[in-house]
Amino acid sequence: MKPSNSIIIPIHNAEKWLNRCMDSLVAQSDTDFEVIAILDSCTDNSKQIALSYKNRLQSLRVYEVEYGRPGATRNIGIQRARTEQIAFLDCDDYYLPHAVAKMKADIYEAPVVTHKVLTQIEGTNIIGDRGFFDNSPWLLGNTYNVQWLRQNNNLFNWLYYGYEDSDFHNQISESLCRENDNFTIRYNADDPFYIQVN
């Protein structure tokens, strides 16, 4: 049986944080997910670290590319996902142990579901309400129906080196508007599961 969720992790020279990120996936209470790690132009030990998790994360797939662009690596994840739903996890951030379980609860809710995000700044935790409709839309804490993304050709502009998530969300908004008059994005105000480290 195929897993229900794909966690896509773009990685570029992340040896300082990658163990924490991957450990948070090993610690998930629900193990029904796959991990797609895309190593982009890494010159440090990121590859060795990622591969060292193969035994602990049975569904881990590791790809190597030489794009130097975060949007291009995320597109590989969208294309390679074998599940109904995807989420993006930055390699310097991590999930709380109930993340996958919360994502699974969203799977049939809407093409996009956004959640609160907990931001860690120098040891303090701040719960943020920034989500899909923030002034600068972001990917963190969102889940996406992968089939819907593919049908609407919602991919990242691979030329962007920054703000690629804003462009991606603009595409999604346009697709949702074309689809019907009611925005089918659900905001889940429950406890956050994504930890952004600043």
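For the structure itself, consult the block above.
The text that follows walks through the structure, step by step, so that each part is easy to find. (Residues numbered from 1 in each chain as written. Predicted model: local features only at pLDDT ≥ 70, side-chain atom pairs only at ≥ 80, totals over all residues. Heavy atoms only, no water.)

## Considering the pattern of salt bridges
Applicable threshold: Whenever a carboxyl oxygen of Asp or Glu lies within 4 Å of a side-chain nitrogen of Lys or Arg, that contact is scored as a salt bridge. A run of DSSP states H or I qualifies as a helix once it reaches four residues; a run of E qualifies as a strand once it reaches two. Both are numbered from the N-terminal end. Relative accessible area decides the class of each residue, using a 1.4 Å probe on protein chains only: under 20% of the type maximum gives buried, over 50% gives exposed, and in between gives partly exposed.
Enumeration according to the criterion identifies six salt bridges in this entry. When the shortest N-O distance is used, the salt bridge between lysine 104 and aspartate 30 registers 3.2 Å. Here aspartate 30 lies in the loop between α1 (18–26) and β2 (33–40) and lysine 104 lies in helix α4 (residues 99–105), a separation of 74 residues in the sequence. Since its relative accessible area comes to 17%, aspartate 30 is described here as buried. With its nearest N and O atoms 3.3 Å apart, the salt bridge here joins glutamate 34 to arginine 82. Highlighted residues: glutamate 34 in strand β2 and arginine 82 in the loop between α3 (70–80) and β4 (85–88), separated in sequence by 48 residues. A relative accessible area of 0% places glutamate 34 in the buried class. With relative accessibility at 45%, the residue arginine 82 sits in the partly exposed group. Look at the salt bridges and you will find they share partners, linking Asp30, Asp32 and Lys104 into a network.

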